[in-house]
Amino acid sequence: MTSALTINLGHLSLADLRRLWAQPTAVSLHPVARVAVERAAATIHDIVHKGDAAYGINTGFGKLAKSRIPDDQLELLQRNLILSHSVGVGEPMSDATVRLLMVMKAASLARGYSGVRAVVVDTLLALLNADIMPLIPVKGSVGASGDLAPLSHMTLALMGEGSVRVHGVVRSAADALAAAGIAPLTLAAKEGLALINGTQVSTALALHGLFMAERLLEAGAVIGALCVDAAKGSDTPFDPRIHAVRGQPGQIALAEVIRAMLANSEIRRSHLVNDERVQDPYSLRCQPQVMGACRDLIVNAARTLLIEANAVTDNPLVFTDTNEVLSGGNFHAEPVAFAADTLALAISEIGAISERRIALLIDSTISGLPPFLVNNPGLNSGFMIAHVTAAALASENKSHAHPASVDSLPTSANQEDHVSMATFAGRRLADMADNTATILGIEWLAAAQGVDFHRPLTSSPRLEQVQAALRDHVPFYAEDRLFAPDIEAARTLVMNGAAGGAQQDLLASLWS
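First, a word on what this report is: a plain description of the structure on this page. It should be emphasised that the depicted structure is a prediction, and the values quoted were computed from it without experimental measurement. (Residues numbered from 1 in each chain as written. Predicted model: local features only at pLDDT ≥ 70, side-chain atom pairs only at ≥ 80, totals over all residues. Heavy atoms only, no water.)

**Looking at the state of the cysteines**
Next, step 1: On inspection of all chains with the given rule, the structure shows zero disulfides.
Next, step 2: Lacking any disulfide linkage, C227 is separated from the closest cysteine sulfur, that of C286, by 14 Å.
Next, step 3: The structure places no disulfide on C294, whose sulfur is separated from the nearest cysteine sulfur, that of C286, by 13 Å.
Next, step 4: By relative accessible area, C294 is classed as buried at 4%. (Disulfide = S-S within 2.5 Å. Buried < 20%, exposed > 50% of the residue type's maximum accessible area, 1.4 Å probe, protein only.)

**Overview of unusual backbone geometry**
Next, step 1: Backbone torsion omega between N315 and P316 reads 0 degrees, so that peptide bond is classified as cis.
Next, step 2: Residue placement: P316 occurs in the loop between α14 (287–309) and β8 (317–319).
Next, step 3: The residue after R455, namely P456, is reached through a cis peptide bond having omega 15 degrees.
Next, step 4: As for its placement among the helices and strands, P456 is situated in the loop between α18 (422–453) and α19 (461–471).
Next, step 5: In this structure, D131 is a non-glycine residue whose phi angle is positive, near 60 degrees.
Next, step 6: Following the sequence through the fold, D131 ends up in the loop between α5 (118–129) and β4 (132–134).
Next, step 7: According to the relative accessible area criterion, D131 is buried, its value standing at 11%. (Helix = DSSP H or I, 4+ residues; strand = E, 2+ residues; numbered from the N terminus.)

**Quick notes on the packing of aromatic side chains**
Next, step 1: Considering all chains together, one arrives at six aromatic pairs under this definition.
Next, step 2: An angle of 75 degrees between the planes, with centres 5.4 Å apart, marks the rings of F453 and F476 as edge-to-face. Here F453, found in helix α18, pairs with F476, found in the loop between α19 and α20 (484–495); they are 23 residues apart in sequence, far enough to count as distant.
Next, step 3: We classify F453 as partly exposed; its relative accessible area is 22%.
Next, step 4: For the pair Y477 and F483, a centre-to-centre distance of 4.6 Å together with 35 degrees between the ring planes defines the contact as tilted.
Next, step 5: In this structure Y477 comes out as buried when scored by relative accessible area, which is 3%. (Phe/Tyr/Trp six-rings, centres within 6.5 Å; stacked < 30°, edge-to-face > 60°.)

**Thoughts on the environment of F211**
Next, step 1: Structurally, F211 can be placed in helix α9 (residues 200–230).
Next, step 2: In this structure F211 comes out as buried when scored by relative accessible area, which is 1%.
Next, step 3: For F211 and E256, which are 45 residues apart along the polypeptide, the C-alpha to C-alpha distance reads 22 Å.
Next, step 4: In this structure, F211 is in contact with L14, L17, R18, W21 and L100, ignoring residues within four places of it in sequence. (Contact = heavy atoms within 4.5 Å.)

**Looking at the pairing of strand β6 (residues 163–166)**
Next, step 1: One ladder, built from three bridges, connects β4 with β6; its direction is antiparallel. Opposite P134, over in β6, you have V164 as the bridge partner.
Next, step 2: Linking β6 back to strand β7 (residues 169–172) in an antiparallel pair, the connection comprises two residues, with H167 at a positive phi of about 50 degrees. (Pairing = 2+ DSSP bridges.)

**Section: the environment of M104**
Next, step 1: By secondary structure assignment, the location of M104 is in helix α4 (residues 95–109).
Next, step 2: For M104, a relative accessible area of 1% puts it in the buried group.
Next, step 3: Between the C-alpha atom of M104 and that of Q251, which follows or precedes it by 147 residues, the distance is 33 Å.
Next, step 4: For M104, the residues in contact, after removing those within four places along its chain, are L12, L17, Q200, T203, A204, L207 and A309.

Here you go:
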C-alpha cells in the first residue's frame with residue numbers, strides 16, 4: 001500500500017484516481033463525511049418507522065415499484081436484490097478497474113445523499129485496504145439504472161458471498177473476509193439499492209481508458225518526433241507562429257513539444273540546405289493538428305469523468321435538510337458514454353496517424369531509407385509485415401471507435417426505456433489502447449531503425465534518450481529474425497509509459 005488517500009465530500013482528484021489505478025493505496029473516510037453519512041441513514045430509519053412508502057426502501061424495484069414490502073422483510077428485500085441482479089458474464093475486471101470503482105462508490109456514498117449506514121462505507125474500504133478485489137464480470141450493464149449487474153457482484157463480496165481475488169489469487173469471499181477479520185455486511189433498508197445504483201463501473205472503465213489515452217498521446221508525441229528525424233523531415237511545420245494564428249490549445253501544446261524534441265538535431269542540420277522536398281506528408285507535418293485535437297478530446301473527457309467520479313449517482317436520493325427522498329435519474333451514464341466515445345476517437349486517431357508514419361518510413365521513395373528498413377532487402381523482408389500488423393490494428397480500432405452512446409435498448413419491461421451503453425463505451429477502450437500501443441511500438445522500432453541508418457549523425461539530445469530507451473531492450477534489426485518479441489517489448493514500453501519517461505518535464509506542458 002502507498003500513502004493514504006482520504007475520502008472527503010466530493011474532493012477526489014484525478015491525481016488520486018491515477019495513483020489508485022496504478023497501485024493499491026490505503027483509503028480512509030474523513031470524519032466530516034462520516035457525519036453526513038450517518039445523518040442520511042437516520043433519515044431512512046425515520047421513513048421506515050413512519051411507514052411512508054418510498055421507492056427502493058419499502059417497495060419493489062423498477063416495474064415492481066408499486067409493490068409494498070412489509071417492514072420485517074426489508075433486509076430480505078435488499079439481499080434478494082443483490083442475488084437476483086448478480087448476472088454479469090465475461091472475464092473479470094482488472095484489479096486496477098475494481099479499485100477505481102470501489103473508491104468511487106465509497107466516495108459517492110460518503111456524500112450523505114444515499115441513506116446507507118457508515119458501516120457500509122467502512123466495509124467497502126476494509127476490502128479495498130485488504131486488497132480483496134471482488135470478482136466482477138465485465139459484461140452485463142447497459143449504463144442506466146446504474147451499473148446494476150457488475151455492482152451487484154461487488155456487493156456480494158461485502159456480504160461474504162461470491163468470489164474475490166486476493167493478491168491475484170481467486171478465493172471465496174467468505175474465506176477472504178474471515179482471513180482479513182472483516183465481518184460480512186447485512187444490508188439494511190435501501191443499502192443494496194444504493195450500492196448497485198450508480199455509474200461507478202462505467203466511469204472506472206472510462207478512467208482506465210483516459211489514463212491509457214494520456215500515455216498514448218505522450219508516446220505518440222515523442223515517437224512521432226523521432227519519426228520526423230528518421231524521415232529527415234522538416235521542423236518548419238512546428239513553428240509557433242503557425243499554431244498561434246489558429247489558436248487551438250492542444251495544437252499549440254503539441255507543436256511546442258515536438259519542436260523541443262527536435263531541437264539541436266544533427267540529422268536536421270544535415271538537410272537544411274539543398275533539400276529538394278518542399279513539404280512533408282501530412283502524417284509528419286500535421287502532427288500538432290491531429291494529435292493536438294486528440295489532446296483536447298482527452299482533456300475534455302477528463303473533466304467530465306472527474307465530475308462523475310465525485311458524483312452521487314444512485315436513486316432515490318436522501319435530502320436531510322428537508323427529510324425528503326426524491327426519485328430521479330442520476331444513474332443514467334450518458335455523460336460517461338459521451339466521454340468514453342470521444343476517448344475512443346482520440347485513441348483510434350493516435351494509432352491511425354502512427355500507422356501512416358510507419359508506411360512512410362518503409363517506403364524508400366518517400367523516406368529515402370532502405371526499402372522496408374533493412375539491409376539487403378529481398379533476402380530480408382524487414383518491416384514489411386510489421387506494418388501489416390499495424391494496419392490491421394488501426395483498422396480494428398476504426399470499428400471499435402463507432403460511438404456506443406447512439407445505441408439504446410429498452411429494459412425492465414420498458415420502464416427503463418432509454419439507456420446509455422456507457423459500460424461498453426468504457427470497456428472497449430482497453431482493447432483499443434492495447435492496439436494503439438502496439439502500433440506506436442512498431443513505429444518506435446521503425447523510427448529507431450531509420451535513425452540508426454543515419455549514423456554517425458545523431459538526433460537531438462532528447463530524441464537520443466528516446467532512441468536509447470528502446471535500444472536498451474531491442475537491438476538494431478540488421479537482418480531478418482523472429483520479430484514478434486521485438487514488437488511485444490516495444491508495446492510493453494509504450495503501455496508502461498517508458499516512451500515518454502525521460503521527457504516528463506516537457507510532456508507535462510501537454511496537460512497544463
